[in-house]
Amino acid sequence: MTNAPDTFEGPQLDRVSFFSELDAASLQQISQAMRRRTFRAGEAIFHRDDPGQVLYVIKEGRVRIRLTSAEGQEVALAVFGPGDSFGEMAILDSQPRSADAIAIDKVEVFTLQRQDFVNVVREHPEIAIAVMKTLSERIRQANQMVEDLIFLDVYGRVAKKLLDLSREYGVETDDGIKIDLRITQQELASMVGASRESVNKVMGYFTDKSYISTDKHKITILRIAELQKRIY
Ligand code: CMP
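Residues numbered from 1 in each chain as written. Predicted model: local features only at pLDDT ≥ 70, side-chain atom pairs only at ≥ 80, totals over all residues. Heavy atoms only, no water.

(A) Structural detail: the pattern of salt bridges. Applying the stated criterion to the full structure yields 14 salt bridges. When the shortest N-O distance is used, the salt bridge between D180 and K218 registers 2.8 Å. With D180 in the loop between β10 (177-179) and α7 (185-192) and K218 in strand β12 (residues 218-221), the pair connects residues that are 38 residues apart, well separated along the chain. A single salt-bridge network, built from bridges that share partners, covers R66, E74 and D100. (Salt bridge = Lys/Arg side-chain N within 4 Å of Asp/Glu carboxyl O. Helix = DSSP H or I, 4+ residues; strand = E, 2+ residues; numbered from the N terminus.)

Have a look at this one:
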């Protein structure tokens, strides 16, 4: 049993972009209004169309924001980690949740009720600027996703995602750049908005051409330049 504190302490809360400009006393006030919750790996934090009354701030673990089609195909809109917030949209526009939030690993979050959030924003308008900045960044990423879905084929989208992942999680090895993250073809498919079958075909092609190799769900990029050429 860990002895986790059940408040988000001031020095940790200032890592949260929404609250990073606040002084220690204000952070303390917010942390007292927050409630701690934990989720197991794979557990749903909420589903699309659920009513939404709270904002979530992640203390530990990663959360996938995803949409699922009626046939069960998934697209991952974002993956959030410690210090990130989510669930702000339903709080701001009083609509239901716009997507599912699923715990990727064991997740610890702190929640803030809508009214408490509105109160702290009224007291500290700089939070509203930080929220708008985050929303702008998310729209930029969503635009990029739309652009990739329309202008790149599945080969291009997988190549681009592998290069993105190698920049974020890459470790140099003798063979090439190893992406230090266990990732299944289903997860990759959901990141690029394609079916598992088509991603399987692309990965087979990239492996046959020796652009990549895969070992225990970890991918190594052997020929970066060739993958780059697939993004057109
Ligand atoms: P909400 O609609 O309350 O619940 C789902 C949450 O996922 C949403 O708030 C945002 O916090 C987050 N979210 C929805 N769409 C995106 C997106 N395109 N990029 C990043 N985060 C998103």
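(B) Quick look at the side chain of E88. Relative to the helices and strands, E88 resides in helix α3 (residues 88-93). The exposure class assigned to E88 is buried, which follows from its relative accessible area of 2%. Residues in contact with E88, not counting those within four places in the same chain, are F18, L55, L135 and R138. (Buried < 20%, exposed > 50% of the residue type's maximum accessible area, 1.4 Å probe, protein only. Contact = heavy atoms within 4.5 Å.)

(C) Fine view of the packing of aromatic side chains. If you walk through the whole model with that rule in mind, you get 10 aromatic pairs. With 5.0 Å between their ring centres and 5° between their planes, Y56 and F86 make a pair best called stacked. Placement of the pair is Y56 in strand β3 (residues 54-60) and F86 in strand β6 (residues 85-86), with a sequence separation of 30 residues. Across the pair, exposure class does not vary: Y56 and F86 are buried alike. Each residue in the set F46, Y56, F80 and F86 is aromatic and connected to the rest through ring pairs, giving one cluster. (Phe/Tyr/Trp six-rings, centres within 6.5 Å; stacked < 30°, edge-to-face > 60°.)

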